[in-house]
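Structure at a glance
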Amino acid sequence: MRDEKYVLATGDTAIERLKVVEATHGPDTQAFLKRAGLREGMHVADIGCGVGIVSQWIASQVGSSGSVVGVDASAEQVQTATQLARQAGITNLRFHAASAYATGLPYGTFDMVFCRFLLMHLAHPEKALREMVALLKPAGVLAVEDGDFTAAFCWPPSHAYERCFELYRAAGAQQGADFTIGRKLFSLVCELGLHSVQVNLAQPIFAEGPQKLLPGWTIEEAAENLIAAGLASREEIEELCRQLRRLAGDKTVVFGMARMMQVWGTKQVV
Ligand SMILES: C[S@@+](CC[C@H](N)C(=O)[O-])C[C@H]1O[C@@H](n2cnc3c(N)ncnc32)[C@H](O)[C@@H]1O
């Protein structure tokens, strides 16, 4: 169901990292979704929703007259997402374990279909995009965003930071994922035949805060895969993590995070 070699942790271990991902990219995602037309009363699907942090925010925007379905291939993520939403008392949001390639959701029934940080993990992103368009009502909006991890930068320059992103990209490439997909997203969406396709770029930057821990955590989580693939030794990863922790605590150093391409367009009325 899930792309078998998804490189990051899932379930409880992923929650803290995904909350920091939200603190990093959430403000840009929220501005993007508003620009794409998210509003009260909409029925929205969030594909590859993880533990449902963005899904919860979308649920708060569509209100009780709208609804949100979060879909993830990991049953563990779906279970955690369901628990978190229940704890937060959210009633217009449910989660469903399924592949992005075949969600099992009813076609032609959603006002908006969204995904973030999903397509980069997929061997066949265009297949998942076609499934998302099929889920939309006529005149429904596809809103997708994903990262270009070649655009991440540290200033002053740091070998550890460069190497961290190099390793992450290499791990992805070896598993058929594409960590540069953020550059290609507009073209991929244009091929779907949507109406008025629009595009925006967003790149968060931080001098301090938990967001600066994200690159090191990501490498730590991917460590076993990197070692098994022969891309790095345990010693190298430990040293990289030490250096990244030091840079994260240095408020004179800025971390430019993954650059996100945000693309949205409307399904043609036939
Ligand atoms: C990096 S997380 C992103 C979570 C969330 N969208 C966010 O931006 O915070 C990627 C998610 O995609 C899910 N995933 C990976 N391959 C998938 C597939 N083929 N179908 C559906 N979900 C998939 C993973 O289980 C994971 O929860």
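Our subject is the structure listed above.
Residues numbered from 1 in each chain as written. Predicted model: local features only at pLDDT ≥ 70, side-chain atom pairs only at ≥ 80, totals over all residues.

Topic: the overall build of the protein chain
Basically, it comes down to this: The secondary structure listing takes helices from DSSP runs of H or I that are at least 4 residues long and strands from runs of E that are at least 2 residues long, numbered from the N terminus. Note that the radius of gyration is over C-alpha atoms, with the globule rule given as 2.2 Å times the number of residues to the power 0.38. Our exposure labels follow a C-beta count within 10 Å of each residue's own C-beta, placed from the backbone: buried means 20 or more other C-beta atoms, exposed means 12 or fewer, and partly exposed covers the counts in between. Throughout, a pair of residues is in contact if the C-beta atoms placed from their backbones lie within 7 Å.
Across its full length, the protein chain carries 8 helices and 10 strands. The C-alpha radius of gyration computed for the protein chain amounts to 18 Å, which stays within 12% of the reference 18 Å derived for 270 residues, consistent with globular compactness. Taken over the C-alpha atoms alone, the protein chain extends approximately 55 × 40 × 35 Å along its principal axes. Out of the 270 residues belonging to the protein chain, those deemed buried represent 45%. Taking the contacts inside the protein chain whose residues are at least 6 apart along the sequence as the reference set, 82% of them involve residues at least 24 apart.

Observations regarding the sheet that holds strand β3 (residues 93–97)
In plain terms, the rule: Two strands pair under a simple rule: DSSP has to find at least two bridges between them. Whenever a helix is involved, its axis is fitted only over the stretch in contact; in every case the axis is a line through C-alpha atoms, and angles between N-to-C directions fall within 0 to 180 degrees.
Read from one edge of the open sheet, 7 strands run β3-β2-β1-β4-β5-β10-β7, paired in mixed fashion. Edge positions in the sheet fall to β3 and β7 (195–202), since each has one partner strand and no second. Neighbouring strand axes in the sheet, compared pairwise and without regard to direction, differ in orientation by 15 degrees on average. As paired elements, strand β1 (residues 43–47) and strand β2 (residues 67–72) share 5 bridges and run parallel to each other. Residue pairing for β2: aspartate 46 is matched across the bridge by glycine 70.

Geometry only, nothing functional implied.
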